[in-house]
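# An overview of the molecular structure
Chain by chain, the residues run as shown.
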Amino acid sequence: MATFSAPKIVSSRKDFDDSYTLSRYLETGGYIALKKALGMFP
Amino acid sequence: MLRKSPISYLVVNGDESEPATFKDHYLIERDPHQLIEGVVIASYALQVSQAFIFLRGEFALGLERVQQAVNEAYAHGALGSKIFGSDFSLDIVVHPGAGAYICGEETALIEALEGKRGFPRIKPPFFPAVTGLYGEPTVVNNVETMSNLPWIVNNGGAAFAALGEGRSTGTRLFALAGRVKNPGVYEVEMVKNTFRDLIYDQQFGGGLIGDKKIKAFIPGGVSAPWFGPDLLDLPLGQDEVAEKGSMLGSGSVVVLDEDSCVVRATWRITKFFSRESCGQCTPCREGSGWIERAMYRIEHGGGRLEDLDLLLDLCDNISPGLLWPPQQTTICVLGPSIPSSVNSAISMFRNEFIAHIEHGGCPHD
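Here is a short report on the structure shown in this document.

### So, the packing of aromatic side chains
- In this structure the tally under the stated criterion is 13 aromatic pairs over all chains.
- Both rings, one in A:Y25 and one in A:Y31, keep their centres 5.1 Å apart while their planes meet at 80 degrees; by these two values the pair is edge-to-face. Exposure class is identical for A:Y25 and A:Y31. Each is buried.
- An aromatic cluster of at least three residues, connected via ring pairs, comprises A:Y25, A:Y31 and B:F84.
- Cation over ring: A:K35 sits above B:F84, and NZ or CZ is 4.8 Å from the ring centre.

### Notes on the interface of chain B and chain A
- Across the contact, 48 residues belong to chain B and 30 residues belong to chain A.
- Ionic pairing is found between A:R13 and B:D31, a salt bridge with its closest N-O pair at 2.8 Å.
- On inspection of chain B and its partner chain A, the count reaches 20 residue pairs in polar contact (both at pLDDT 80 or more).
- Those elements that place two or more of their residues in the side of chain B that touches chain A are α1 (23–30), α2 (32–46), α3 (60–76), α5 (143–155), β7 (171–178) and β8 (184–189) of chain B.
- If one sorts the elements of the side of chain B that touches chain A by residue count, α2(B) sits on top with nine residues.
- Its residues assigned to classes, the side of chain B that touches chain A comprises 24 nonpolar, twelve polar and twelve charged.

### Regarding the sheet that holds strand β4 (residues 138–142) of chain B
All names here are of chain B.
- The four strands lie next to each other as β3-β2-β1-β4, forming an open sheet whose pairing is parallel. Either end of the sheet is taken by a strand with one partner, and the two such strands are β3 (91–96) and β4. Within the sheet, the average angular offset between the axes of one strand and its neighbour, ignoring direction, is 20 degrees.
- Here five bridges tie strand β1 (residues 9–14) to β4, and the two strands are oriented parallel to one another. Bridging from a neighbouring strand, L10 pairs with V139 of β4.
- Contacts from helix α4 (residues 106–113) reach β1, β2 (50–55), β3 and β4, with the element oriented near 105 degrees to β2.

Basis of the calculations
- Residues numbered from 1 in each chain as written.
- Chains lettered and ligands numbered in written order.
- Predicted model: local features only at pLDDT ≥ 70, side-chain atom pairs only at ≥ 80, totals over all residues.
- Heavy atoms only, no water.
- Phe/Tyr/Trp six-rings, centres within 6.5 Å; stacked < 30°, edge-to-face > 60°.
- Buried < 20%, exposed > 50% of the residue type's maximum accessible area, 1.4 Å probe, protein only.
- Lys NZ or Arg CZ within 6 Å of the ring centre and 35° of its normal.
- Contact = heavy atoms within 4.5 Å.
- Salt bridge = Lys/Arg side-chain N within 4 Å of Asp/Glu carboxyl O.
- Polar contact = N/O pair within 3.5 Å; in protein donor to acceptor, adjacent residues only side chain to side chain.
- Helix = DSSP H or I, 4+ residues; strand = E, 2+ residues; numbered from the N terminus.
- Nonpolar A, V, L, I, M, F, W, Y, C, P; charged D, E, K, R; others polar.
- Pairing = 2+ DSSP bridges.
- Axes fitted to C-alpha atoms, helices over the stretch in contact; angles between N-to-C directions.

Now the structure itself:
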């Protein structure tokens, strides 16, 4: 039953002590989705 | 009633205040930029230019980090005028709550945002999308939902929907609390894992402290009816849990071991609800106080056998029939949240209540 291999969607930065900083967020793919979304039709 | 105009505001409900519930707390403190990116994406989809993040006032560090992240996002071009050079502009206001659990109810939250006392609004209209903040159509969503959006945009909705099953797709954060070795926040794929996995697997709860037996667990926060160990193998899915008479609710799973006092646990839960009742509705305002006082005397040595029927009668006045899904005699769902633990505890552990009454207080002391 158990499947522990699912992607971490909201907790992917759990192991970083500085996960709350902008620099860590950018280093781990932060704000790429927003740029992609802004290219879509709302 | 139909929506009268396009959505005007996006409001994020970060007023997570229920005992043992701390999954949004984790996201707010540990990944505020993820939350902000989700808010901007949702705002773009809705074409709103003003969003609010309403955070529980006691989240001092979370408030500091989210406000700092908002400031950094403005400086980075991810917020404000013409975001990343596009034609889309958005402002976010971070609004601290003032310590009332009831403001987690979305219409009370909107009242508080408007500067008024946090009273839930009378329904209908049922949804803020019809009449919300300042009387305008408003989308209210929670922190975890917003935090999912960057991943979904990057990976596609189909990839998200491929996780889980049925109506329970994707992953969900669970705040695991109580008598487990490793309490904490865990992200779990919906339906594909069970309560037993969450409580016992070494990646998650790691089992009970002292390897004791489990007596009961609350599957979805203290508003939810309790389950016994016979339901440990139930999948972590909305429909699966609802079919057994409870809910995943606030995402908190609370574990009671064989030595936990269910009367004390129930008293503490009812004390919380009694304290947090906003007082608008008589069944909740008066009933929660009566229930708390009856629970107090059973736990502390003044209980009477007739208190058990009295407790169930009081619960029935708040939530007629004590059914699931619950009926309610109150404006909001705080009312029917109160009977859940009382009815569960008396139904599952009536003998422990009688033992308290006959012993003249808690036998665990």
